[in-house]
Amino acid sequence: MASGMEHLCPAPMKATSNGIFQGDNPLDFALPLAILQICLVLVVTRGLAFLLRPLRQPRVIAEIIGGILLGPSALGRNKAYLNAVFPPKSITVLDTLANIGLLFFLFLVGLELDFKSLRQSGKKVLGIAVAGISLPFALGIGSSFILRETIAKGVNATSFLVFMGVALSITAFPVLARILAELKLLTTNVGRMAMSAAAVNDVAAWILLALAIALSGDNLSPAVSLWVFLSGCGFVIGASLIVPPIFKWMSRRCLEGEPVDEMYICGTLAAVLAAGFVTDIIGIHAMFGAFVIGVLVPKEGPFAGVLVEKVEDLVSGLFLPLYFVSSGLKTNVATIQGIQSWGLLVLVIFTACLGKILGTFIVSLLWKIPKREALALGFLMNSKGLVELIVLNIGKDRKVLNDQIFAIMVLMALFTTFITTPLVLAVYKPAEKARKSDYKHRRVERKNPNTQLRILACFHSSRNIPSIINLLEASRGTERGERLSVYAMHLVEFSERPSAILMVHKARHNGLPFWSKGQRSANHVVVAFEAFQQLSQVSVRPMTSISSLTDMHEDICITAERKDIAFIILPYHKNLRLDGSFESTRLDFHLVNKRVLEHASCSVGIFVDRGLGGSAQISASNVSFSVTVLFFGGRDDREALAYGARMAEHPGVELTVIRFLLESDSTEEIVRIDTEGTSAATLVSADEEFLADFRTSISEDSSIKYEENNVRNVSETITIIRDYSRCSLFVVGRMPNGVVALALSQIDFPELGPIGSFLTSSEFSTTASVLVVQQYYDQSCSISSQQMV
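Report on the accompanying structure. The shown structure was predicted, so the numbers you read here are calculated from the model rather than taken from an experiment.

Side-chain direction in a regular strand flips from residue to residue, so the side chains alternate between the two faces of the sheet. Of all the five residues making up strand 4 (residues 567-571), five are buried; the element is thus mostly covered by neighbouring parts of the structure. Alternating positions in strand 4 separate into two faces, Phe567, Ile569 and Pro571 on one and Ile568 and Leu570 on the other, with burial throughout. With three bridges joining them, strand 1 (residues 453-459) and strand 4 adopt parallel strand pairing. Bridging across to strand 4, Ile455 finds its partner in Phe567. Two elements, strand 4 and strand 7 (residues 603-608), share five bridges in a ladder whose sense is parallel. Across the sheet, Leu570 pairs through a bridge with Ile606, a residue of strand 7.

It is worth spelling out unusual backbone geometry at this point. For Arg56, which is not glycine, the phi torsion reads 60° and is therefore positive. Looking at the element boundaries, Arg56 is found in the loop between helix 2 (30-52) and helix 3 (59-70). Since its relative accessible area comes to 27%, Arg56 is described here as partly exposed. A positive phi angle, close to 55°, is found at Asp564, a residue other than glycine.

On to a nonpolar patch on the surface. Together, Leu135, Phe350, Leu354, Leu358, Ile362, Leu366 and Trp367 make up a nonpolar patch on the protein surface, roughly 630 Å² of accessible area in all. When residues of the nonpolar patch are assigned to their parent elements, the largest contribution, five residues, is made by helix 15 (residues 338-366). In this structure, Trp367 sits in the loop between helix 15 and helix 16 (371-381).

This brings us to the pattern of salt bridges. Enumeration according to the criterion identifies ten salt bridges in this entry. Of the charged contacts in the structure, one is a salt bridge between Glu445 and Arg638, with a shortest N-O distance of 3.8 Å. Here Arg638 lies in helix 24 (residues 635-648) and Glu445 lies in the loop between helix 18 (403-427) and strand 1, a separation of 193 residues in the sequence. Residues Glu445 and Arg638 agree in their burial class; the two are buried. Here Arg712 makes a salt bridge to Glu716, at a shortest N to O gap of 3.0 Å.

Attention shifts here to the sheet that holds strand 12 (residues 769-774). With respect to topology, ten strands assemble into an open sheet ordered 3-2-1-4-7-12-11-8-9-10, the strand pairing being mixed. Edge positions in the sheet fall to strand 3 (539-547) and strand 10 (704-711), since each of these pairs with one other strand and no more. Geometrically, the sheet is characterised by an average inter-axis angle of 20° between neighbouring strands, direction not taken into account. Looking at chain direction, strand 7 and strand 12 are connected through five bridges and run antiparallel. Counterpart to Gly605 in the pairing with strand 12 is Val773. Here helix 19 (residues 465-474) sits on the sheet and contacts strand 1, strand 2 (484-493), strand 4, strand 7, strand 8 (625-631), strand 9 (653-662) and strand 11 (729-733); the angle it forms with strand 1, its principal contact strand, is near 170°. Across the face of the sheet, helix 24 comes into contact with strand 1, strand 4, strand 7, strand 8, strand 9, strand 10, strand 11 and strand 12 while running at roughly 160° to strand 8.

About the cut-offs
Residues numbered from 1 in each chain as written. Predicted model: local features only at pLDDT ≥ 70, side-chain atom pairs only at ≥ 80, totals over all residues. Heavy atoms only, no water. Buried < 20%, exposed > 50% of the residue type's maximum accessible area, 1.4 Å probe, protein only. Helix = DSSP H or I, 4+ residues; strand = E, 2+ residues; numbered from the N terminus. Pairing = 2+ DSSP bridges. Patch = residues over 30% accessible without salt bridge, like charges linked within 9 Å, V, L, I, M, F, W, Y side chains within 5 Å. Areas by Shrake-Rupley, 256 points an atom, 1.4 Å probe, with all protein chains shown as cover. Salt bridge = Lys/Arg side-chain N within 4 Å of Asp/Glu carboxyl O. Axes fitted to C-alpha atoms, helices over the stretch in contact; angles between N-to-C directions. Contact = heavy atoms within 4.5 Å.

Shown next as structure tokens:
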């Protein structure tokens, strides 16, 4: 009897060991064992996430699979491993850590849900959400009758029905956001409808889950379930009255750009834990209280953003994977045995998919949504994830779901989420369009310089904005006709972090301003471009690109194609230090720039910002820039000069053009073949023709100076360039033609070319910004047809 009791109740573990040298086995103690478990979990889940990345699967898939592999379904079949790494006596500690992580993750999910935007969702989204809940819920109840007759005999009928209904009707809001970002659908109609419908679905799921928990207590008396449910409602009402005023007071005291008082952060985290404690006492679940607090925190101002930054990395990176493993340790795929069990698994998967996809598809068609979009919506709404596992775990802990049903439901969640990406890709591909045959103006150099110039100006952060606006102001030319049209694209990295979803809420359809008509936005990015548009009469359309850095260049290139852009301006990947040198921010942005240069269907400029015009936006009347174009020859230099000539039309811009000619008895050095296979002689004749036209057009313009300098070597070239180091902006070609230019400097970053690399190096002292220009060149066209554009 004693041994039986010992088996049921393992001895409690001490926290820390004395070490192996004093005869202790560290794995018999709670802390070293927990550390080993966490490290193992991180290695396995991150490794799987890396392997699944080519399949474009969200990280939650890797974490669920990792949990199952570490549990009794795979590695756990080896009893020695299971008893050493995940012994029964350690599960309490592991579950406690996992639930603390879950508590704070649900707080973050609550922070992501903005009820104001939900209220504005509209009838269409509401209809899709209701259909996406009600039909699967009904089918879940239907399938629960079959399961109760076969493998779930003897469970509480009411709570089992509700749990099955909730489990089949959930859409995982955070997982869906990641899938949409991966597929570049966030800013499409389908993406916005799916996000809004999933958010409504999420709220409904929590309410249904609270009901399911209330019904699933050990005490089967209906009065107890009613008390639990009413107490839960009382908690929500009480929290709604008490919590928001306190958080609003905190939020008002947190100013933009200033550090948030640690006391407020601490108080909020304590409130999350306290709310969890209260809901646990009621008998719902501690995470429900944390979720409610997250929803009640005001989303305006910097407070919510700071909270997310403080909490998310530790929670989603460290604690949350533990929750998947604690689920995996309860999942034993081996319990699904025989034709009946596998048949029931197929039935549950079919029922889950049918309910979600069919319900969403039919309602979408009723709202006149095209068939392909409606089908894509159905597939997207079918994605499951963490919330699904929470429901299943609570059901398992409360003895509503047995081992076999639990394993079936986990595999169903895994399968439905895994197929979402390939199915959506199969039916809905909005990104690529056929190249436009009427897209003529792909560069700045053109026959008629008075045609409209369309620029796509990209920026990473608000620190890039004043200089970009000052550059655009100088580029707008004269008032003759509609000369300049600007699309300002905010490049935002989409990560696996929960706060990425907060950014998604703020994104609008690409190509449209992201402020609503008649309602001025507080977004400082939008305000800056709005002010510039009103002051300069230039058409400006702000937009946001939210994507991972590996495929951000696709967003830039596709937008340029769609908007008939002639010139893309990219920010340099390094920021200016106070001492005038550059520090690298993210090498990934360097790769984004390289890929855009390779794939863009128009000309591209990389803007190395040394504070053009100072740190503030300059009004048109105060513009006073001296621009220097260094001309060595070649198509990129012609494009740089064409851009400089356009800038020179601005009354506040003085342009100096310096042409470098090689002074040599032998011309052998410069008769060479360039990279595209065009002979240097052909390029020289194109340069001469272009410069002749340029000199004719500027003969009466006193604000433009043109100089020719004969140089014999690199040092003479550098001396001449140094004479102009006090200008405001250098405009240079990326790959100039000529031995002098190519010998000028070691090229550290190929995207800047030899001249750009020299002008941004520590050897060259200047406060001038640099614009490095690459002209669009269509390989399929001959030089003659290129000149026609």
